[in-house]
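A structural walkthrough
Read off the chains here:
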Amino acid sequence: MKTLAPLAVACLLAGTHAHAGQTIASASVPLTITDWDTAGSSNPLSGQPLLLPKYSGPGTLDSVTFSLRGTMVSTFYATDVTDNEPLTNHLMGSLIFALPSIGTRTLNFDQTDSRNGSFGPVDLMVVVTDSVGVVGSLADFVGNGVFAVDVAAFGTSEINGSGNYDAGIDTTASARLELIYDWTTNRQQVPEPAALALLGLALAALALSRRSQRA
Amino acid sequence: MTMNLRTPIALLVLAAATAAQATTVIYQSDVALQPTNVHTFVDLQQFDPSLGTLQSVSVTLSGEIASRIRLENKNSTPATLTATVDATVTLDLPNLGTLSVAPKVSETFNAPSYDSVTDFGGTSGITYPTATASASVIRDFLLPAQLAPFIGNGMLHATFDASATASFTGPSNKRTSVRSDAGGFALVTYTYIPSPVPEPDSWTLMAAGLGLLVWLASRRRIG
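The residue numbers shown here count from 1 along each chain, following its written sequence. Labels follow written order: the first chain is A, the first ligand is 1, and so on. In keeping with the model being predicted, local features are shown solely for residues with a pLDDT of at least 70 and side-chain atom pairs are shown and tallied solely at 80 or more, while totals for entire chains, interfaces and linings include all residues. Note: side-chain values were computed over all heavy atoms of the structure, leaving out hydrogens and water.

**Some thoughts on the overall build of chain B**
- Only DSSP runs of H or I reaching four residues or more are called helices, and only runs of E reaching two or more are called strands; each is numbered from the N terminus. On a plain count of helices and strands, chain B comes out with three helices and 10 strands.
- Listing each helix as α and each strand as β along chain B from the N terminus yields α-β-β-β-β-β-β-β-β-α-β-β-α.
- Counting all 223 residues of chain B, 41% fall into the buried class.
- The contacts of chain B with a sequence gap of at least 6 include a subset with a gap of at least 24, amounting to 84%.
- Looking at chain B as shown, the accessible area adds up to about 11600 Å², and 58% of this sits on carbon and sulfur atoms. Buried means the residue's accessible area, taken with a 1.4 Å probe over protein chains only, is under 20% of the maximum for its type, while exposed means over 50%, and partly exposed covers the values in between. In what follows, residue pairs with any heavy atoms lying within 4.5 Å of each other are defined as contacts. Shrake-Rupley sampling with a 1.4 Å probe provides the accessible areas, and residues are treated as covered by the protein chains on show and by no other component.

The structure is reproduced here in structure tokens:
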């Protein structure tokens, strides 16, 4: 029976295990006319605020990851008043996220489309995604309440070509920021009845076998 | 005996009139400003071989671009808009190559945020007066084979082309408008040695001089 005691303790200890989990929060700006920067320049950045919750439990925060997604749509139209000369529509722009503990992270948009002569509204849409993890202290992300991430959008789309044309460009952008908290809990779990029954069964079987050996 | 002294003087006068001296003659052909793209012909007057011996030809191409640019910032933030019109003007001389120039006009507009009216005016819009720019290039021809096409009593047909490309930078909410005209001129300069043929005026002058001598001699004889 003496050899059985440590075995039973080990079985009980196995009931204490780490539990990992993930909490995801997100915030977004719907398609909004560019530029988003009230100061009119990227320095200092003063775009649209994205509000995200801090990590308030239930365990220990292990890592913080930002998942960025941006969309830019430019609508182009042109009237070539002389002839069907080539015109190039060029969607260009960027979304700049001011991420805490990381700094600015930029998504760049670039797409071209060539046409001849006049054309009605032509939409170019580009979606860009990016992901970045926080390296170092996560203390800033732990607590109650929310924090704000500024995102600015700048568009520089162009129509170039002929020497005689009227043209227009309208541009909107949207931004989505996802925040992923990876955490673990490390607390003692109460052994479940089924596990205890199994242990009892095993002990009974051992006792039975010993008794039968003695006999 | 007096006549024997005077005759060489008359001959010297004649020699001076026919001394070899390079002379130039210039012809110009214009291409009026017209909407781009321009594709037309320029007729250059050839060099009349009876004038003398052609030494060299120099062809000048001058290209001009005139653009009317209008801009409107539709951003809700202030922005800098720029407009540039790049023109390429070429003169193609058959079998002699192509002359090319690239005049360029540009405008920069520091616009405040959109004033809610798309009129190329107000605070966020601007209408520039016509901006013009010109550029020129000269090419010389000296080899006999190059000079040959320029000699004759007709015209040398050259092709004149002008194209323009407008480009705009700035915010991606904007209205732009551009109208471009291009034109220019071609100028041909012929440098030649005039033919050693005295002009009618010289002949008249000599005849008058000789007549005077004869008249004086006869008067002396009579006297």
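**Details of the interface of chain A and chain B**
- Listed by partner, the interface residues are 27 residues for chain A and 26 residues for chain B.
- For chain A, the biggest contributors to the area lost against chain B are Gly163, Asn164 and Tyr165 of chain A; these three give 21% of the whole.
- In what follows, salt bridge is the name for a side-chain nitrogen of Lys or Arg lying within 4 Å of a carboxyl oxygen of Asp or Glu. Between chain A and chain B we count two salt bridges in total.
- Salt-bridge contacts for Asp166 of chain A lead to Arg179 of chain B; the nearest nitrogen and oxygen are separated by 2.9 Å. Note on terms: buried area is the combined drop in 1.4 Å-probe accessible area of two parts once they are placed together, counting the loss on both.

**A word on the pattern of salt bridges**
All names here are of chain A.
- Enumeration over the complete set of coordinates arrives at five salt bridges over all chains.
- For Asp130, the salt bridge is made with Arg105, and the minimal N-O distance between the two is 2.7 Å. Residue Asp130 is located in strand S6 (residues 119–133), and its partner Arg105 is located in strand S5 (residues 103–116); the two are separated by 25 residues in the primary sequence.
- Of the residues examined, Arg105 reaches a relative accessible area of 29% and is grouped as partly exposed.

**A few points about the confidence of the model for chain B**
- Each residue carries a pLDDT value, the predictor's own confidence for that position, ranging from 0 to 100. Averaged over chain B, the pLDDT score is 89; the fraction of residues at 70 or greater is 88%.
- Among the scores for the predicted complex, ipTM is 0.73 and pTM is 0.73.

**A closer look at a nonpolar patch on the surface**
- Nonpolar side chains collect at one region of the surface, where Leu212, Trp215 and Leu216 of chain B lie side by side and expose about 300 Å² of accessible area between them.
- By the secondary structure assignment, Trp215 of chain B is in helix H3 (residues 200–222). Each patch is built from salt-bridge-free residues with over 30% relative accessible area, joining like charges within 9 Å and nonpolar side chains (Val, Leu, Ile, Met, Phe, Trp, Tyr) within 5 Å.

**Focus: the environment of Ala139 of chain A**
- Checked against the element boundaries, Ala139 of chain A lands in the loop between S6 and strand S7 (146–155).
- In this structure, the C-alpha to C-alpha distance between Ala139 of chain A and Ser94 of chain A, residues 45 residues apart in sequence, is 30 Å.

**Description of the confidence of the model for chain A**
- In this model, chain A carries an average pLDDT of 85, and 83% of its residues clear a pLDDT of 70 or more.
- Here residues 5–13 of chain A is modelled with pLDDT under 50, and outside its nearest four sequence neighbours on either side it reaches two contacts, counting other chains as well.

**Overview of the nonpolar core**
- Ranked by internal contacts, the top residues of the largest apolar core, which has 89 residues, are Phe66, Leu95 and Phe97 of chain A together with Leu91, Leu93 and Phe150 of chain B.
- Broken down by element, this core gets its largest block of residues, nine residues, from strand S9 (residues 165–185) of chain A. For the purposes of this section, nonpolar cores are sets of buried Ala, Val, Leu, Ile, Met, Phe, Trp, Tyr and Cys residues that join through side-chain atoms within 4.5 Å.

**What to know about the packing of aromatic side chains**
- For Phe, Tyr and Trp, where Trp contributes only its six-membered ring, two rings pair if their centres lie within 6.5 Å, and the inter-plane angle classes them as stacked under 30 degrees, edge-to-face over 60, or tilted in between. Per the stated rule, a full pass over the model turns up nine aromatic pairs over all chains.
- Considering the side-chain rings of Tyr165 of chain A and Phe168 of chain B, the 6.1 Å spacing of their centres and the 80° angle between planes classify their relative orientation as edge-to-face. Residue Tyr165 of chain A is located in strand S9, and its partner Phe168 of chain B is located in strand S9 (residues 155–169); the two belong to separate chains.
- Tyr165 of chain A sits in the buried class, given a relative accessible area of 0%.
- On the accessibility criterion, Phe168 of chain B (2% relative accessible area) is buried.
- An angle of 40° between the planes, with centres 5.6 Å apart, marks the rings of Phe141 of chain B and Phe150 of chain B as tilted.

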